[in-house]
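Below are the chains, spelled out letter by letter.
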Amino acid sequence: MTTQPGQPDGALFDLPEKSGAPAARKSRRPAPRRPAERLPIARVVVDTPLPHLDRYFDYRVPADMDEAAVPGCRVRVRFNNRQLNGFLAERVETSEFAGRLAYLEAVVSPEPVLTPEILELARAVADRYAGTLSDVLRLAVPPRHARVEKEEAKASAAASEAAPAREADAGPDTAGEPPDAAQEPAAAEDGASGLESAGAAPDGVEPGPWADYPEGPSFLRALHEGHPARAVWNALPGTDWVEAVAVAARATLAAGRGAVVAVPDGRDVEAVDAALGRRLGGGRHVALTADLGPAERYRRWLSVLRGRVRVVVGTRAAVFAPVRDLGLVVLWDDGDDVHVDPHAPYPHARTVLSMRAHRAGAGALIGGHTRTTDTQLLVESGWAHPLTADRTTLRRRAPVVRAAGDDRELARDEAARSARMPSLALRAAREAARTGPVLFQVPRRGYLNTLACAGCREPARCDSCRGPLAVRGSHAMPSCGWCGRVAGQWACPECGLTRMRAVVVGARRTAEELGRAFPSLTVRTSGREEFLSRVADTPSLVVATPGAEPVAENGYAAAVLLDGWALLNRMDLRASEEALRRWLNAAALVRPGGTVVVSADVSLPVVQSLVRWDPAGFAERELAERRELGFPPAVSMASVTGGPEHVRELLDQIELPEDAELLGPVPVGSDRAVGPDGTHQTERALLRVPRAGVGALTRSLKAAASARSARRDEHLAQVRVDPPHVV
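Residues numbered from 1 in each chain as written. Predicted model: local features only at pLDDT ≥ 70, side-chain atom pairs only at ≥ 80, totals over all residues. Heavy atoms only, no water.

The name an unreviewed UniProt entry gives the chain is Probable replication restart protein PriA, with Nocardiopsis sinuspersici as the organism. Checking UniProt for the chain, the heading Sequence similarities (unreviewed entry) contains the comment "Belongs to the helicase family. PriA subfamily." In its Function (unreviewed entry) section, UniProt records this for the chain: "Initiates the restart of stalled replication forks, which reloads the replicative helicase on sites other than the origin of replication. Recognizes and binds to abandoned replication forks and remodels them to uncover a helicase loading site. Promotes assembly of the primosome at these replication forks." (UniProt positions renumbered as here; feature names shortened; annotations may be inferred.)

Structure follows, in structure tokens:
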């Protein structure tokens, strides 16, 4: 390296000196924060599942967040040296906390997504199910989608700016009309504008399908007048129940109030969505389902929150939809297990909607083709009234139900009592298939789901893990349902026989058998693997599992309900009730005057109720028997499930009410729950109290769980109030 002429060696690295005094070094300390002048204390629901932290925590609101920190918005706070999300429940002047309060870290979004009504409802649900408020809020408020919020904010701002111009152009006669007024003419064109359209009843309420029920018009009139009418509805056979729900929602909307409709699955959501579109017109309701995607679902949910639509239909998550001025809640097929949320605290949609209707002074319509013992309890308590059709209308609309094991059939075919597909079912299917489709309901999916020894009937199990053996297809070898190992050299450990027989036959095997019995007809299956929504009105056979039955265009010509013993012999308190629900849902799809054949003993009360189409009588008798035995829903129960030591430790800490009864603990689960030493790894205890004492029981459970949580015990036993299965 050579030196540059005329340049000193260090010139390249010298910095020019600044003129004047040297600048003062900037302080690294942040600027002091000052609290907001008005309501400086924010009470926050921190997102934590720990029971001992289930309360509000106070934070100071900084002045720069005063405008954005509104009640119901999402915030971020520092909690236990971590930053956690939460909801700002309210702002107050003072705090009861004597120490120094921390400031809010950030306002995640100024959108008030948690309304006061939903907050109070979530608190009540958490207390009812011995859960935490944050757990319920996870179910009630969907995750935030920032892009959708920005889109909605821009659209609202644009609408606000354009509103004065529209009012000026419209003139004095139309200025100030509600946004929905512009949609009324479009609805009037298809005959579904308002309740005072042509052909309406003199009192302004158009009954529609409710004309078939003696109390139907008066129920609609009460909704139209804003009264909290509450009914347990036994719907007539057929698919027009969706139109009846839409008419009830329209009557509620005409009274200036909103409605929430909860149905079991996406297929029912589509049907009710279409009916609401016909009755209400476009833009008057939204459908909320999980398959919409997070962005579209949040967009529709915001439209409900901001009051643009006031009628919502969806699955169980829709029960918390923030509908303004709620006037009606509707729950269809409340006996379906999908209405129980699988996440803590495991609330049931029926209980949540009943609590919401009671707190909001709204009407309630809990309906289905059957009636559960839970809704029968609502009727007998006077909280709701029955809404049923008269017997003449029912006989005109219902199919003819016959049992394969009745006396006449046994006299003709002695093997009908034990045959899986008796001759009566085959004759009915063969005759009905000449005029339309025939439905075969099979309780189990798959092929041959359960096998047993052909000689001694001992259940066939895997030699390696003792799991049940099954056959997955027509050319498959028996294999284990747990470890998947093929049992090619199986032999019965009791009698040594190597042959097996099928105990439970699935839908696919049934379809193969029907294909051989009816070679000229098309056989289709509908289940979890291949779901059919509709079938044409042509001669064919449809094999479906319960809940997956497709709708026939003009109704099925006949239906055959196979393997009734598989539903009735389950070790479940609700076995008969659930069997009747599945049978009636399938029979309701048969056209009036069609034939329904059930493969079950006709002497059973549940089969007699199906033959007479009397779900109300069965529910009344079933509830009376459960009162005598002390079973739910005549009493309230809670379960504590977990490892044996954790269950016993939690039970020792619970201060049970005086009228509470402890049952157990006892081992639960399958053989897989047995440890190497032969002891069960999971136990369950049941706590039983009268229905009036459920509040005291849940408070005791919550207190015991909070005490364990405060000690940072990570092995908490699971607590469930109103468990779906107690036997």
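Enquirer: Whenever I open this one, the overall build of the chain confuses me. Can you help?
Expert: From N to C terminus, the chain includes 20 helices and 28 strands. In the chain, once contacts between residues fewer than 6 apart in sequence are set aside, the share between residues at least 24 apart is 72%. Put simply, the chain shows about 35300 Å² of open surface, and 51% of that area lies on carbon and sulfur atoms. (Helix = DSSP H or I, 4+ residues; strand = E, 2+ residues; numbered from the N terminus. Contact = heavy atoms within 4.5 Å. Areas by Shrake-Rupley, 256 points an atom, 1.4 Å probe, with all protein chains shown as cover.)

Enquirer: Just checking my understanding: could you explain the sheet that holds strand β19 (residues 523-526) for this structure?
Expert: For sheets, the rule is that strands pair by backbone hydrogen bonds, running either parallel or antiparallel. A sheet is described by the order of its strands in space; here six strands give the open sequence β13-β24-β23-β14-β21-β19, paired in parallel fashion. Looking at the sheet topology across the chains shown, the edges are occupied by β13 (400-403) and β19. For this sheet, the mean angle separating the axes of adjacent strands, direction not counted, is 20°. Pairing of β13 with strand β24 (residues 590-598), which is carried by four bridges, proceeds in the parallel orientation. In the sheet register, V401 faces β24, and the bridge partner there is V596. Against the sheet, helix α17 (residues 605-612) contacts β13, β23 (556-561) and β24, and its axis sits at roughly 155° relative to β13. (Pairing = 2+ DSSP bridges. Axes fitted to C-alpha atoms, helices over the stretch in contact; angles between N-to-C directions.)

Enquirer: Sorry if this is basic, but what is going on with helix α1 (residues 116-128) here?
Expert: For an α-helix, 3.6 residues make a turn, and residues three or four places apart therefore share a direction. Between its first and last C-alpha, α1 extends 18 Å over 13 residues, near the 18 Å set by a 1.5 Å rise per residue. For α1, the full list of buried residues reads I118, L119, L121, A122, A124, V125, A126 and R128. Lining the buried residues of α1 we find β4 (82-92), α2 (133-140), α9 (349-360), α20 (694-710) and β28 (718-721). Taken from the residues just after α1, A130 is the one with a positive phi, measuring 55°. (Expected span 1.5 Å × (residues − 1). Buried < 20%, exposed > 50% of the residue type's maximum accessible area, 1.4 Å probe, protein only.)

Enquirer: Whenever I open this one, the nonpolar core confuses me. Can you help?
Expert: Generally speaking, soluble globular proteins have nonpolar side chains that are buried together. Among the nonpolar cores identified, the biggest contains 72 residues, and W210, W233, W241, V272, L365 and W583 are the most heavily contacted of them. Among the elements that make up this core, the one with the highest residue count is helix α6 (residues 241-254) (10 residues). Built from parts of two domains, this core gets at least three residues from each of domain 2 (208-395) and domain 3 (399-628). With residues up to four places along the chain from it excluded, the contact list for W210 reads G216, P217, L220, W233, A244, V247, A248, L365 and L387. In terms of nonpolar packing, the next biggest core, distinct from the first, is built from 71 residues, A122, V141, V148 and V647 among them. (Core = buried A, V, L, I, M, F, W, Y, C linked by side-chain atoms within 4.5 Å. Domains from an automatic or database assignment.)

Enquirer: Can you help me understand the sheet that holds strand β12 (residues 385-387) in this one?
Expert: Strand order in this open sheet of seven strands is β8-β9-β7-β10-β11-β6-β12, and the pairing throughout is parallel. Each edge of the sheet is formed by a strand with only one pairing partner; in this case those strands are β8 (286-288) and β12. Strand-to-strand, the axes of this sheet are offset by a mean angle of 20°, without reference to chain direction. Summarising the sheet, strand β7 (residues 258-262) and strand β9 (residues 311-314) pair through four bridges and their orientation is parallel. Across the sheet, residue A259 finds its bridge partner in β9, namely V311.

Enquirer: Hey, could you run me through the packing of helix α16 (residues 575-587) against α17 in this one?
Expert: Axes are the key here: two packed helices are described by the angle between their axes and the distance separating the axes. Packing of α16 against α17 brings their axes to within 10 Å, and their N-to-C directions diverge by 25°. What the angle tells us is that α16 and α17 run roughly parallel. Crossing hand, α16 versus α17: right-handed. Residues S576, L580, W583 and L584 of α16 form the contact with α17, whose own contacting residues are V606, V607, S609 and L610. When grouped by side-chain class, the residues that make up the contact of α16 with α17 number six nonpolar, two polar and no charged. (Parallel < 35°, antiparallel > 145°, perpendicular 65-115°, else oblique. Left-handed = near helix turned anticlockwise from the far one by under 90°. Nonpolar A, V, L, I, M, F, W, Y, C, P; charged D, E, K, R; others polar.)

Enquirer: Got a minute to help me understand unusual backbone geometry in this structure?
Expert: Among all residues save glycine, negative phi is the norm, and among peptide bonds the norm is trans. A cis amide bond, omega 0°, links P632 with the succeeding residue P633. Among the secondary structure elements, P633 is positioned in the loop between α18 (615-629) and β25 (635-642). Following G664, the chain continues into P665 via a peptide bond in cis, with omega recorded as 5°. Counting through the fold element by element, P665 comes out in strand β26 (residues 661-667). One non-glycine residue with positive phi stands out, namely D333, at about 55°.

Enquirer: It is not clear to me how the pattern of salt bridges should be interpreted in this structure. Could you clarify?
Expert: Inspection of every chain in the model, using the stated rule, returns 43 salt bridges. For K702, the salt bridge is made with D54, and the minimal N-O distance between the two is 2.6 Å. Here K702 is found in helix α20, whereas its partner D54 is found in the loop between β1 (41-46) and β2 (57-60), with 648 residues between them in sequence. Comparing K702 with D54 shows no difference in burial state: the two are buried. The salt bridge partner of R279 is E243, with a shortest N-O separation of 3.1 Å. You can see R279 sitting in helix α7 (residues 266-280) and its partner E243 sitting in helix α6, a full 36 residues away along the chain. The exposure class of E243 is buried, given its relative accessible area of 15%. Overlapping salt bridges, with partners in common, bring together D333, D336, D337, R574, E578, R581 and R582 in one network. (Salt bridge = Lys/Arg side-chain N within 4 Å of Asp/Glu carboxyl O.)

Enquirer: Can you walk me through the packing of aromatic side chains in this structure?
Expert: Any aromatic ring pair is given by two values, namely how distant the centres are and how the planes are angled relative to each other. The tally for this structure, following the rule as stated, stands at eight aromatic pairs. Judged by centre distance (5.8 Å) and plane angle (50°), the rings of W210 and F219 are tilted. The residues W210 and F219 share a single accessibility class, namely buried. Taken together, a centroid distance of 6.2 Å and an interplanar angle of 75° make the contact between Y213 and W233 edge-to-face. (Phe/Tyr/Trp six-rings, centres within 6.5 Å; stacked < 30°, edge-to-face > 60°.)

Enquirer: How should I be thinking about α6 in this particular structure?
Expert: For α6, which comprises 14 residues, the first-to-last C-alpha distance of 20 Å matches the rise-based estimate of 20 Å (1.5 Å per residue) to within 8%. The element α6 is largely enclosed, with a buried count of 13 among its 14 residues. G256 occupies a position one or two residues after α6 and carries a positive phi of about 80°.

Enquirer: Explain the UniProt feature "binding site: Zn(2+) 1" (unreviewed entry) in the chain to me, please; I cannot follow it from the model alone.
Expert: Those places that UniProt annotates as "binding site: Zn(2+) 1" (unreviewed entry) correspond, in this numbering, to C453, C456, C492 and C495. These annotated residues cover 43 residues of sequence, and their C-alpha atoms all fall within 8.7 Å of one another, placing them together at a single site. Mapped onto the fold, C456 is located in the loop between β15 (448-453) and β16 (469-470). Here C492 shows up in the loop between β17 (479-480) and β18 (500-505).

Enquirer: Would you take a moment to explain a positive patch on the surface for this structure?
Expert: A surface patch of like charges, here positive, comprises R391, R395, R612 and R621. Structurally, the position occupied by R621 is in helix α18. (Patch = residues over 30% accessible without salt bridge, like charges linked within 9 Å, V, L, I, M, F, W, Y side chains within 5 Å. Lys, Arg positive; Asp, Glu negative; His and termini not counted. Charge placed at Lys NZ, Arg CZ, Asp CG, Glu CD.)

Enquirer: Is there a simple way to think about the side chain of R230 in this case?
Expert: Note on placement: R230 falls in strand β6 (residues 230-234). Summary of buried charges: R230 has no salt-bridge partner, and the nearest side chain of opposite charge, E117, is 12 Å away. Within the structure, the side chain of R230 is placed 3.4 Å from the backbone oxygen of A362, a separation counted as a polar contact. Sequence-distant contacts of R230, defined by excluding residues within four places in its chain, comprise F219, A357, H358, G361, A362, G363, A364, W383, A384 and H385. (Polar contact = N/O pair within 3.5 Å; in protein donor to acceptor, adjacent residues only side chain to side chain.)

Enquirer: Looking at this model, I keep getting lost on the side chain of R397. Mind explaining?
Expert: Following the sequence through the fold, R397 ends up in helix α11 (residues 391-397). The class for R397 is buried, based on a relative accessible area of 15%. Among the polar contacts listed, one links the side chain of R397 to the side chain of D240, at a separation of 3.2 Å. For R397, the residues in contact, after removing those within four places along its chain, are D212, L236, P237, D240 and P592.

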